[in-house]
Amino acid sequence: MAAATASLAVSGTSAARSHRTSTVSQMPAFMVSAPGKVIVYGEHAVVYGKAAIAAAISLRSYLLVTPQERDNRTITLRFPDIGLDQTWNISDLPWSEFSAAGRKKYYFDEVTRLDIDLIESITPFVSSIKGKVLQSAASCFLYLYLTLGSQHSPGAVYALRSTIPIGAGLGSSASISVCLSTALQLQHGTLTTPFTGMLRSETLLQTKRINSWAFVGEMCIHGNPSGVDNTVAVQGKAVLFKRRDYSLPPDVTPLHNFPVLPLMLVNTKTPRSTAEQVSNVKKLLSNYEEITQLMLQAIDKITLEALEIIKNNQFEDEANHASLIRLGELIRINHGLLVSLGVSHPRLERIRELVDHTGIGWTKLTGAGGGGCSITLLKPGIKEAVKAGLNRTLDSEGFERYETELGGDGVGVLWPAVVNGEEITQEMFLNAEGVEGVENLVGVKAIGDVNGWRFWRLPE
């Protein structure tokens, strides 16, 4: 299958790669990208078995995989956004532990928990890395590499850049796990690059495999993840999720007809603790049980009302009119209830105040609250002068803002890593300056999907 994958993806691009020497692996450099996510409706109520809706945003992680020369038996993980740059000799890695009888896993297996002995076998290879975040990222990479690869795998450099704010509750780790899962399976021939006409059954099978191993990556980082973030990063669009029993995975329903909507995301840059905010709601529920239950039920009603609007087949045609307004009003009401639950923050309220004053859209906090980020569903026909004035105020008050989209594509592949006839090198990619530099160089929105990025989209 690996040869078929390469021939399928490289067709028509041999000229762009002709300068590469014969000492390099025949697999071309390629890229994988996956989106972040926001919770649009239902946070905190979801802790108590209610429904919530999470949707992809157009802020994304990008992974460039560049093969080493044939005699270079090393793998390197570079993630400059968090200061990680680590190289391992492939032959030194604990292959015997990962291939032992009863422990060996294959790409088609479903793994629901980590093997503690395998985690311990990786520890010596990450112990010299300083910082828990960096160690978690390296452990995630090695666990997936050792499970999905082999000791005969060719050397490669894996370079990660993210336009998603890290640690802001926007699914950055899941986006990275999805990129790693996809790239490693492509390298080892267990995935084909997506193509026009791919059968629905094949698309579903491949995205399931990507998602399964991305979830393993998330377990390496978070221990007991919900699986929602990686599911959104794989399939894009949005999902409805509900978790009645925390000893079991949540019920996740894909919303494939979720429309692409304009969004402004603002990062307060105020650190927040999910555990603290969840605890605050729990205390409120204990002290004012009936009132708090009514608020949680109201949030659930909001989520289900939004779901009915989204499921309307005519929604996209009406997006500039009544349906969009109704979704916006539900966002505003949802925020008000979250404020009453005590999970907002003065910085979040300042953003809402500024947006409400301009009248450009409907704003709510997203995620745990207590800091973190807000989202604003933008109204159509906003005057540029009004938007520019708001942007200046947000910038002057130390907020970090992003103009993005809600409900876009999930994981995608750029195979080979060639843009306008030029191969994207490690140096070009790593030296791209900030979010804008990365997006301009390789961004999904900048390049598009005509002769560039391809996605595992389900047929209409």
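Above this text is the structure in question.
*Asks:* It is not clear to me how the packing of aromatic side chains should be interpreted in this structure. Could you clarify?
*Replies:* Here a ring pair, both rings aromatic, is described through the centre-centre distance and the interplanar angle of the planes. Tallying each qualifying case throughout the model produces 10 aromatic pairs. Joined through ring pairs, the aromatic side chains of W88, W95, F141, Y145 and Y158 make up one cluster. Between the NZ or CZ atom of R347 and the centre of the ring of F399, over which it lies, the distance is 3.8 Å. Above the plane of the ring of W362 lies K379, whose end atom (NZ or CZ) is 5.2 Å from the centre.

*Asks:* Whenever I open this one, the environment of C140 confuses me. Can you help?
*Replies:* Inspection of the secondary structure puts C140 in helix α5 (residues 132–148). In sequence terms C140 and K282 are 142 residues apart; their C-alpha atoms lie 32 Å from each other. Not counting residues up to four positions away in its chain, the partners in contact with C140 are S177, L180, G217, C220 and I221.

*Asks:* Looking at this structure, how should I read the packing of α5 against helix α7 (residues 200–222)?
*Replies:* How two helices sit against one another is set out by the angle between their axes and by the gap between those axes. Their axes nearest at 8 Å, the elements α5 and α7 cross at an angle of 145°. Considering how the two elements wind past one another, α5 and α7 form a crossing that is right-handed. Contacts between α5 and α7 involve S136, S139, C140, Y143, L144, T147 and L148 on the former and, on the latter, W213, V216, G217, C220 and I221. Tallied by class, residues from the contact of α5 with α7 come to 8 nonpolar, 4 polar and no charged.

*Asks:* What am I meant to see in the environment of R332 here?
*Replies:* Among the structural elements, R332 can be located in helix α12 (residues 322–340). Here R332 falls in the partly exposed class, since its relative accessible area comes to 48%. Each C-alpha atom of the pair R332 and E436 lies 30 Å from the other, and the pair is 104 residues apart in sequence. R332 has contacts with W362 and T363, leaving out every residue within four places of it along the chain.

*Asks:* Sorry, what's going on with the pattern of salt bridges here?
*Replies:* Close approach of charged atoms allows side chains with opposite charge to pair. Applying the stated rule across the entire model yields 19 salt bridges. Of the charged contacts, one joins R103 and D117 as a salt bridge, the two residues approaching to 2.3 Å between their closest N and O atoms. You can see R103 sitting in the loop between α3 (95–98) and α4 (116–126) and its partner D117 sitting in helix α4, a full 14 residues away along the chain. Residue D117 is classed as partly exposed on the basis of its relative accessible area of 40%. One salt bridge in this structure joins K208 and E110, with 3.4 Å as the shortest N-O distance. On the criterion of sequence distance, the pair formed by K208 in helix α7 and E110 in the loop between α3 and α4 is long-range, its members being 98 residues apart. By relative accessible area, E110 is classed as exposed at 54%.

Cut-offs applied
Residues numbered from 1 in each chain as written. Predicted model: local features only at pLDDT ≥ 70, side-chain atom pairs only at ≥ 80, totals over all residues. Heavy atoms only, no water. Phe/Tyr/Trp six-rings, centres within 6.5 Å; stacked < 30°, edge-to-face > 60°. Lys NZ or Arg CZ within 6 Å of the ring centre and 35° of its normal. Helix = DSSP H or I, 4+ residues; strand = E, 2+ residues; numbered from the N terminus. Contact = heavy atoms within 4.5 Å. Axes fitted to C-alpha atoms, helices over the stretch in contact; angles between N-to-C directions. Left-handed = near helix turned anticlockwise from the far one by under 90°. Nonpolar A, V, L, I, M, F, W, Y, C, P; charged D, E, K, R; others polar. Buried < 20%, exposed > 50% of the residue type's maximum accessible area, 1.4 Å probe, protein only. Salt bridge = Lys/Arg side-chain N within 4 Å of Asp/Glu carboxyl O.

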